[in-house]
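A structural walkthrough
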Amino acid sequence: MNKHYTYMQRCLDLASLGLGNVAPNPMVGAVLVYENEIIGEGFHQQYGQAHAEVNCINSVKKQDQHLIQKSTLYVSLEPCNHFGKTPPCSDLIIAHKIPKVFVACSDPFEKVNGSGIKKLFDSGVEVITGILEKEAIELNKRFFTFHQQKRPFIILKWAQSENQCISGFQGNPIKISNALTDVLVHKWRSEEAAIMVGTNTVMMDNPSLTTRNWSGKNPIRIFIDRDLKIEQTAKILDQSAPTIILNQHINKIEGENDFIQINFESEIIPQLNELLYQKNIQSVIIEGGAKLLQTFIDSDLWDEVRIITNQTMIIEKGIASPNFEYKTSLKQQKIQSDLIQYFSNLKTNKAK
């Protein structure tokens, strides 16, 4: 493989370590190379803290710092060119007189959007773009969807029996996925900004929707409670994580619980997308129930679907899984009795 691809792949590998910790910022990795040797590397580790370029340059050993101005920088996303929680990384690169920068892809955020590359170029820095561009965009698919389509990245997830039932008779909850798969599901939750379920799921399952089986942060919990029927003792209202309750009666904040009034006479999904966009929530995983999941499927407004099938379980007279007709999965994996299939919506992801 071309050495430039090798160094950029290292940037992507580093960037991925920030998953679940840097949103709403993008994941970014950076590598500094002098005469085919990496002398510094870093990634954006936590939202509000130093960016990848800063951590990369700061990682250079004292005895090698004089080499910085003779080195080449590789970075997985266009360096920022605005003051946010940290100063512009483009200024940092110029200040250290780094002569050449490889950038995987441009940043779609309106305050950057090519201006970082332009500033470097105007300052005499040689800038080369497009190395592993597709892979870099895929890594930050949530960020790109949010800024290009003005909505969150939407993941649909459900567990089903071999005969494609999502719960028992009359919606009675049944444990479908195994313990190891549950750990993976909680990891998924930690990687997304929000998690959402419908009213019936809260009433029947009394879910916590937390990452208690994983060390990551809890997502913002969202559920529909049109007429505020959910008991205050429900786990989802326990104040353990920020929670949004979509209803038709009140706008009120009670601790971590935010009651938001929406119009149930209009389509819910467009209102949800607008609400999450305004709140800078870049991704949401929809975990049920069947009716809510089907609404997203019928609207063809989803980016990924993850289906967990317990291949050893048959549920008699159960509630049917959502009607989902994609024939070929993007990938699949097996965890004991569970087959996990991943699907990507080619239509919504085409824009990226």
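Calculation notes
Residues numbered from 1 in each chain as written. Predicted model: local features only at pLDDT ≥ 70, side-chain atom pairs only at ≥ 80, totals over all residues. Heavy atoms only, no water. Pairing = 2+ DSSP bridges. Helix = DSSP H or I, 4+ residues; strand = E, 2+ residues; numbered from the N terminus. Axes fitted to C-alpha atoms, helices over the stretch in contact; angles between N-to-C directions. Contact = heavy atoms within 4.5 Å. Buried < 20%, exposed > 50% of the residue type's maximum accessible area, 1.4 Å probe, protein only. Salt bridge = Lys/Arg side-chain N within 4 Å of Asp/Glu carboxyl O. Core = buried A, V, L, I, M, F, W, Y, C linked by side-chain atoms within 4.5 Å. Phe/Tyr/Trp six-rings, centres within 6.5 Å; stacked < 30°, edge-to-face > 60°.

Let's talk about the sheet that holds strand β14 (residues 304-310)
- The sheet built from ten strands is open, its strands ordered β11-β12-β10-β9-β8-β13-β6-β14-β17-β16 with mixed pairing. Looking at which strands have only one partner, the edges of the open sheet turn out to be β11 (252-254) and β16 (331-335). Here the average twist between neighbouring strands, direction ignored, is 20°.
- Alignment of strand β8 (residues 194-197) against strand β9 (residues 220-224), held across four bridges, turns out to be parallel. Bridge pairing in β9 places V197 opposite F223.
- The sheet contacts of helix α6 (residues 141-149) involve β6 (153-161), β13 (283-286) and β14, and relative to β6 the element is tilted by about 125°.
- Lying on the sheet, helix α9 (residues 268-278) is in contact with β6, β8, β9, β10 (243-247), β12 (257-261) and β13; it crosses β10 at an angle near 145°.

Re the environment of V305
- With respect to the helices, strands and loops of the structure, V305 is situated in strand β14.
- By relative accessible area, V305 is classed as buried at 0%.
- Along the sequence, V305 and I154 sit 151 residues apart, while their C-alpha atoms lie 8.7 Å from each other.
- Each residue touching V305, except ones within four places of it in the same chain, is listed here: L156, W158, F324, Q341, Y342 and F343.

Quick word on the pattern of salt bridges
- Using the criterion set out here, one finds 16 salt bridges in the structure.
- One salt bridge connects R142 with E192, and the closest N-O pair in it is separated by 2.8 Å. Of the two residues, R142 sits in helix α6 while E192 sits in the loop between α7 (179-191) and β8, which places them 50 residues apart along the sequence. For the residue pair R142 and E192, the accessibility class agrees, reading buried in each case.
- A salt bridge links D182 to K175; the shortest N-O distance between them is 2.7 Å.
- For K175, a relative accessible area of 53% corresponds to the exposed category.

Re the nonpolar core
- Counting residues in each nonpolar core, the largest one holds 43 residues, and the members touching the most others are M8, L32, L73, Y74, I98 and V101.
- Broken down by element, the residue count for this core peaks at six residues, all from helix α1 (residues 3-15).
- Other than its neighbours up to four places away in sequence, M8 contacts Y74, V75, S76, F102, V103, A104, I131 and L132.
- If you look at the next biggest cluster of nonpolar residues, it comprises 30 residues, including W158, A194, I269 and I281.

Re the packing of aromatic side chains
- Enumeration over the complete set of coordinates arrives at eleven aromatic pairs.
- Residues Y74 and F102 carry aromatic rings whose centres are separated by 4.8 Å and whose planes lie at 5° to one another, so their mutual orientation is stacked. Remark: F102 occurs in strand β4 (residues 100-103) and Y74 occurs in strand β3 (residues 72-75); sequence separation between them is 28 residues.
- Classification of Y74 by relative accessible area gives buried; the value is 2%.
- Aromatic side chains F324 and F343 sit 5.0 Å apart centroid to centroid with 80° between the ring planes, which places their arrangement in the edge-to-face category. A residue pair is termed long-range when its members are at least 10 positions apart, and F324 in the loop between β15 (319-320) and β16 and F343 in strand β17 (residues 338-344) qualify at 19 residues.

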